[in-house]
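The chain contents come next:
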Amino acid sequence: MSRTARVEASFARAAEVKAGADGLNCIISADREQSLADAAAVQGGALAGVPVVIKDNLATLTLPTTCGSRVLAGYVSPYEATAVRRLRAAGAVVVGKSNMDEFAMGSSTENSAYGPARNPLDPTRVPGGSSGGSAAAVAAGIAPIALGSETGGSVRQPAAFCGIVGVKPTYGRVSRFGLVAYASSLDCVAPFGRTVDDAALALEVISGHDANDATCAVRDAPVLRAGAGRLDGVVIGVPREYFPPTLDAAIRQRCDAALDALRARGAAVREVSLPHTDLAIPVYYIIAPAECSSNLARFDGVRYGMRVEGDGLQAMYEATRSQGFGAEVTRRILLGTYVLSAGYYDAYYGKAQEVRALIARDFTRVFADGVHALFTPTTPTTAFALGSISDPYEMYLSDIFTVTANLAGIPAMSLPIGRVGGLPVGGQLMAPHFGEAAMFRVAYALEDELGAEAHQ
Amino acid sequence: MSHADWEMVVGLEVHVQLKTRTKAFCGCSAAFGAAPNANTCPVCLALPGALPVLNAHAVELAIRAALATECTVHERSVFARKNYFYPDLPKGYQISQFDQPIATQGRIVIDVDGTDKVVGITRIHMEEDAGKSVHDRFAGFTAIDLNRSGVPLVEIVSEPDIRSPAEAGAYLRKLRSILLYAGVSDCSMEEGSLRVDANVSARRTGETALRTRTEIKNLNSFSAVEKALHLEWDRHVTTWKTNGTIEQQTMLWDQNRGTVRRARSKEGSHDYRYFPEPDLPPLVLDRRAIDEARASLPELPDARRARFARDYGLGAYDADVLTATRELADYFEAAARDSGDAKHAANWVTGVVLATIKERGLDIASFAALLPASRLAGVIAMMKDGSVSSSAAKTIFALMLEGPGDAPAQAAREGLLQVGDDAQLRQWVDEVWAEHPAEAARLAAGDRKLLGPLTGLVMKKSGGSADPRKVNQLLAARAGT
């Protein structure tokens, strides 16, 4: 298939599955003519002519970058995110920007100013979030690869809900330049793929040092595309805190089957403990809102985006920000402002940083003790119905198995390990810092060993 | 002011723009005077997704500032966000340093009535500048110029060791001189590359605790600092004496009225919600790099002043004046070396040269371009060997300012060379001796009072070109025969 034909096919598929607001609502902006022109201009590369979908919080040159927020409605970035630039330099063609929870705050893609996205496997259900639009686009066959972003599980959780592969790289593996910040110490650009190999290819392309991001590691992109092989000598840790007695029995059963598959490939499976796991959600909901309250201060109506005039400067700020941000964003800004306030800083932010270090040390100990990778369920449930969770705290708990990797900065990924009630279940792998190659070796083997079972 | 028994306590916060080519966290030019918003990019405009990257040269200059003020430079310091909303602060926070600054515990020695006084430096931290709000350009609107946004600064915070406006002035002049020597900043208050905020309180002599302080901002010159401190301290003392209370608040110096008034907004009530900047890793410095920076510092004003006094035999005043800036000191040293006469070089530079600079509104660099030290040395050398008189030397100096031609050429052209030829001088002495026999006889009889008048007569006969010292010697010798 020619490069333009592949892009034509992507748009045809998007129309077929109703990717827009009248259907899945996973794509919130696209420009067919521009994409076809881009495809015609592709010189070559590892992704020559491959259609890709980009989460709407990554800066793109021609399509708007709204972060799913009213405050950035119609905003077009004058520069391009490093990860997007690298995809395009490898020949990929951007076919759309994807729906997301506003400023990446949410776990269902219901917190979008552009309406909720839907799960292509069951449109009455959420695709997960916050990168739900990208996950849905890949699951619906619009693109084999998409970019999302992770702060607490925003790629792995929707990957699990949509039955695809989502990878959160090591913090510092991929440049954040051009990723609109939510919580800078946690944010990662993170790829989705239809398969482990697609995800590996995407991550290889976007990884590597970038002089525009001071937190980006000075390391070359890793070689990840090893293919499926044996896992003899590989030790898989199973942290007991991720398999509580309350865990859904069907999900547990799928996990057990995945562990059997790993054993069948020669891996040793060992139970381990990460004792500070239960503190991850409270710590996350102090650190992330704190950073968010500062990162989102720039949306003030002065230079770009929405401005609501008021009587004087203060009134303009208040009108712009209260009308520009949705409820969840407002909640986190208020929470973050509170925890950083004089007199509360030590008790909240200071303490949360200490506990974050303990959570990271849990992982360091386990990996130092001979474990090469960890296996857990990605989420405690399968995709839930739109509108079924209204309590913010209950929503926060859907990230309970994923936030730890963000707090520790380690790489983690979700891949399909079967279905429950027709809905996908994700298995999560976690590895030491910059241990993506080992993690992918396990993922390739697991995907291969499970075969069609991963989608049944 | 009859505030006997009351003491002034002052600490100064000095913001200094580091002399880098580009901004602190992006590649935009840090130059002053560009068209509004010309020097901006996604980073310093705080566009969504942009990230800061630290300018290594700014770090080098901050280290130099710290070492030049005898601070301890920390191998690990941490950038922090200072959060507040203002239209000229595009990110909604300023990247600064908070509880882990790059340097602490330095000192500056100032001269107070001829004795040395140490003023402690509490800390030096790195930060970025905000933009500029322009309120008077468009009626009904405030315009924002973000050229300054992200320009690198250090804030140098003194201990509350300063006890008078004069000490504050001495501290600021010394600090400015040190920073200029170290090449850290241009220190121009006009261009905003040096800004001063003053914290002042008053207390009864002998009290050890500090009373409530106020902070004075908008100080646009060192003399404004001195005047404002005096006025504000007077207000404090008067208030305390009448059992009033001083509120901790921000005051503004009003240059037009020459007064200090309350700032409208209560700046002290801000909660800046500082937290470590997650976009920048902690700044880790190599001990060796710090040592290398220390070794690369030029001789600083105090050391140079001491050396000038010791090596050139200069008095305290001259040594002080000549070391005020590195450029002036360099100029003097070159003139002293080339003329072989440091004393005369010092007299010339502190006298005629500085007077000329002042008269013509020059700085030392533009003066040196007009008259390089080597050319000035030529005049000094001619005066020293007697080939021109001191008044002729001043004429030559003035001529050299107007055009090319070194001292000997100018002197020859203008007929200013002194006649040192013994035969010619003897002839004039003989003539005067013959024309004034009475005076000559008295001199010959030992009345040395007549040496002066007779020398004057010889000078007159020579048309001013005779070397007066030689005439004097010849007359004395003649009288002795």
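Note that this is a predicted model, so its numbers are computed, not measured.

A. Fine view of helix α1 (residues 3-16) of chain A. Residue and element names in this part refer to chain A. Across its 14 residues, α1 extends 20 Å between first and last C-alpha, which sits within 8% of the 20 Å expected from 1.5 Å per residue. As for α1, its buried residues are in contact with α2 (32-41), β2 (51-55) and β3 (93-98). Lys 18, located one to two residues past α1, shows a positive phi value of around 55°.

B. Spotlight on the interface of chain A and chain B. On the side of chain B, 29 residues touch chain A, which itself brings 37 residues to the contact. Summed over both sides, the interface between chain A and chain B buries roughly 2,600 Å², with carbon and sulfur atoms accounting for 61% of that surface. Taken together, chain A and chain B are joined by 1 salt bridge. For the salt bridge of Asp279(B) with Arg176(A), the shortest nitrogen-to-oxygen distance reads 3.0 Å. Run the count over chain A and chain B and you get 17 residue pairs in polar contact (both at pLDDT 80 or more). Put simply, the parts of the chain that give the side of chain A that touches chain B at least two residues each are α8 (280-295) and α9 (313-324) of chain A. It is α8(A) that contributes the most residues to the side of chain A that touches chain B, 5 residues altogether. Broken down by class, the residue content of the side of chain A that touches chain B amounts to 21 nonpolar, 10 polar and 6 charged.

C. Quick peek at the domain arrangement of chain B. Here chain B is described as being made up of domain 1 (6-291), domain 2 (299-413) and domain 3 (422-479). On a C-alpha basis, the centres of domain 1 of chain B and domain 3 of chain B stand 68 Å from each other.

D. Structural detail: the sheet that holds strand β4 (residues 79-83) of chain B. The 3 strands are arranged β5-β4-β15 (chain B) in an open sheet whose pairing can be described as antiparallel. Strands at the two margins of the open sheet, each flanked by one partner only, are β5 (93-97) and β15 (275-276) of chain B. Bridging between β4(B) and β15(B) involves 2 bridges; their strand directions are antiparallel. Counted as the bridge partner of Ala80(B) is Pro276(B) from β15(B). Here α8(A) sits on the sheet in contact with β4, β5 and β15 of chain B, set at roughly 65° to β4(B).

E. Representation of the pattern of salt bridges within the structure. All told, the structure shown has 56 salt bridges over all chains when counted by the stated rule. Salt-bridge contacts for Arg203(B) lead to Glu7(B); the nearest nitrogen and oxygen are separated by 2.8 Å. Of the two residues, Arg203(B) sits in strand β11 (residues 194-204) while Glu7(B) sits in strand β1 (residues 6-17), which places them 196 residues apart along the sequence. For Arg310(B), the salt bridge goes to Asp311(B), with nearest N and O atoms at 3.3 Å. Using a relative accessible area of 60% as the deciding quantity, one classes Arg310(B) as exposed. In the salt-bridge network here, residues are joined through shared partners; they are Arg176(A), Asp213(A), Arg81(B), Glu277(B) and Asp279(B).

F. Summary view of the packing of α8(A) against helix α11 (residues 346-368) of chain A. Residues and elements named next belong to chain A. Interaxial distance between α8 and α11 falls to 9 Å at its minimum, and their mutual angle equals 125°. On the basis of their axis angle, the class for α8 and α11 is oblique. Classified by chirality, the crossing of α11 by α8 is left-handed. Facing Ala 280, Val 283, Ile 286, Ile 287, Ala 290 and Glu 291 of α8, the residues of α11 in contact are Tyr 348, Tyr 349, Ala 352, Gln 353, Val 355, Arg 356 and Ile 359. Grouping the amino acids of the contact of α8 with α11 by side-chain chemistry returns 10 nonpolar, 1 polar and 2 charged.

Cut-offs used in this document
Residues numbered from 1 in each chain as written. Chains lettered and ligands numbered in written order. Predicted model: local features only at pLDDT ≥ 70, side-chain atom pairs only at ≥ 80, totals over all residues. Heavy atoms only, no water. Helix = DSSP H or I, 4+ residues; strand = E, 2+ residues; numbered from the N terminus. Expected span 1.5 Å × (residues − 1). Contact = heavy atoms within 4.5 Å. Buried area = accessible area lost by both parts, 1.4 Å probe. Salt bridge = Lys/Arg side-chain N within 4 Å of Asp/Glu carboxyl O. Polar contact = N/O pair within 3.5 Å; in protein donor to acceptor, adjacent residues only side chain to side chain. Nonpolar A, V, L, I, M, F, W, Y, C, P; charged D, E, K, R; others polar. Domains from an automatic or database assignment. Pairing = 2+ DSSP bridges. Axes fitted to C-alpha atoms, helices over the stretch in contact; angles between N-to-C directions. Buried < 20%, exposed > 50% of the residue type's maximum accessible area, 1.4 Å probe, protein only. Parallel < 35°, antiparallel > 145°, perpendicular 65-115°, else oblique. Left-handed = near helix turned anticlockwise from the far one by under 90°.

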